[in-house]
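Listed below are the residues making up each chain.
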Amino acid sequence: MSDLKQVQEYASDPEVAKFMIWGPNSEGETRDFMRRSIDLSKERPRRTYELAMVLKEEDKVIGGSGISIHDPKNKSALLGYVLNRSYWGRGLVTEAAKRLLTLGFDELGLHRVCATCDAENFGSQRVLEKCGMRKEGHFKEDMLIKGRWRDSFLYAILEDEWRGLDRS
């Protein structure tokens, strides 16, 4: 909870929340999210990993990324991320997403990881493609976000596809 101010910095930013189903957040909403994330980290077996993205040089929380096992039987999980816009365009989200995919496939034994993004969020689409994920679907007006119907894209990657990638 000591990171609340740094998390609130990006969670309250309308540009950061533009394509998200949440936000911009009040301080109370951010606090509630952080409490839920902490509580979920204590569940056993653990199914949700909401992790802070910390910029080492500044010792600052600049975003968050997570992987959540939504179907344990089929070893399938969802991937997500958010980043303070002061740090956009540096490849940090791609790095975090690749590390989460490594966690998912190497440590959690997942078979499939998927992610969704707003069809207008070109930055997120590029991140998912850089991670080797492929677009599997286009859902027309499937989300009512901030009073407007939005399209979503579904991206996914299988364990064997991940293992076959050149990740150097």
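Since we're looking at a predicted model, the values are computed, not measured.

## A word on the overall build of the protein
For step 1, the next point in the chain: Regarding its fold elements, the protein presents six helices and six strands.
For step 2, the next point in the chain: Counted from the first residue to the last, the protein has its helices and strands arranged as α-α-α-β-β-β-α-β-α-β-β-α.
For step 3, the next point in the chain: Here the protein has a C-alpha radius of gyration of 16 Å; the compact-globule value for 168 residues is 15 Å, and the two agree.
For step 4, the next point in the chain: Seen through its principal axes, the protein has C-alpha atoms that stretch 40 × 35 × 30 Å.
For step 5, the next point in the chain: The 168 residues of the protein split such that 40% are buried.
For step 6, the next point in the chain: A fraction of 56% describes how many contacts in the protein between residues 6 or more apart in sequence connect residues 24 or more apart.
For step 7, the next point in the chain: Between the mean site of the 28 positive side-chain charges and the mean site of the 28 negative ones, the protein shows a separation of 1 Å.

## Observations concerning unusual backbone geometry
For step 1, the next point in the chain: A cis amide bond links Gly23 with the next residue in sequence, Pro24, at an omega value of -5°.
For step 2, the next point in the chain: Here Pro24 is to be found in the loop between helix H2 (14-17) and helix H3 (27-41).
For step 3, the next point in the chain: Following Arg44, the chain continues into Pro45 via a peptide bond in cis, with omega recorded as 0°.
For step 4, the next point in the chain: Mapping Pro45 onto the fold places it in the loop between H3 and strand S1 (48-55).
For step 5, the next point in the chain: Unlike most non-glycine residues, Asp59 shows phi in positive territory, near 50°.
For step 6, the next point in the chain: One can find Asp59 in the loop between S1 and strand S2 (60-71).

## As for the pairing of strand S6 (residues 148-158)
For step 1, the next point in the chain: Counting buried positions along S6 gives eight out of 11 residues, so the element sits mostly inside the fold.
For step 2, the next point in the chain: In the sheet, strand S4 (residues 112-118) pairs with S6 via seven bridges, with the strands oriented antiparallel. When the bridges of S6 are listed, Asp118 appears paired with Ser152.
For step 3, the next point in the chain: Where strand S5 (residues 134-145) meets S6, eight bridges bridge the pair, whose relative direction is antiparallel. What sits directly across from Ile145, in S6, is Arg148.

## Section: the sheet that holds S2
For step 1, the next point in the chain: Reading across from one edge, S1-S2-S3-S4-S6-S5 is the order of the six strands in this open sheet, with mixed pairing throughout. Looking at strand neighbours, the two that pair on one side only are S1 and S5, the edges of this open sheet. For this sheet, the mean inter-axis angle between neighbouring strands, taken without regard to orientation, is 25°.
For step 2, the next point in the chain: Direction of pairing for S1 relative to S2: antiparallel, over a ladder of eight bridges. By the bridge assignment for S2, Glu50 is matched with Gly66.
For step 3, the next point in the chain: Of the strands in this sheet, strand S3 (76-83), S4 and S6 touch helix H5 (residues 122-130), which is tilted by about 160° from S4.

What counts and what doesn't
- Residues numbered from 1 in each chain as written.
- Predicted model: local features only at pLDDT ≥ 70, side-chain atom pairs only at ≥ 80, totals over all residues.
- Heavy atoms only, no water.
- Helix = DSSP H or I, 4+ residues; strand = E, 2+ residues; numbered from the N terminus.
- Rg over C-alpha atoms; globule rule 2.2 N^0.38 Å.
- Buried < 20%, exposed > 50% of the residue type's maximum accessible area, 1.4 Å probe, protein only.
- Contact = heavy atoms within 4.5 Å.
- Lys, Arg positive; Asp, Glu negative; His and termini not counted.
- Charge placed at Lys NZ, Arg CZ, Asp CG, Glu CD.
- Pairing = 2+ DSSP bridges.
- Axes fitted to C-alpha atoms, helices over the stretch in contact; angles between N-to-C directions.

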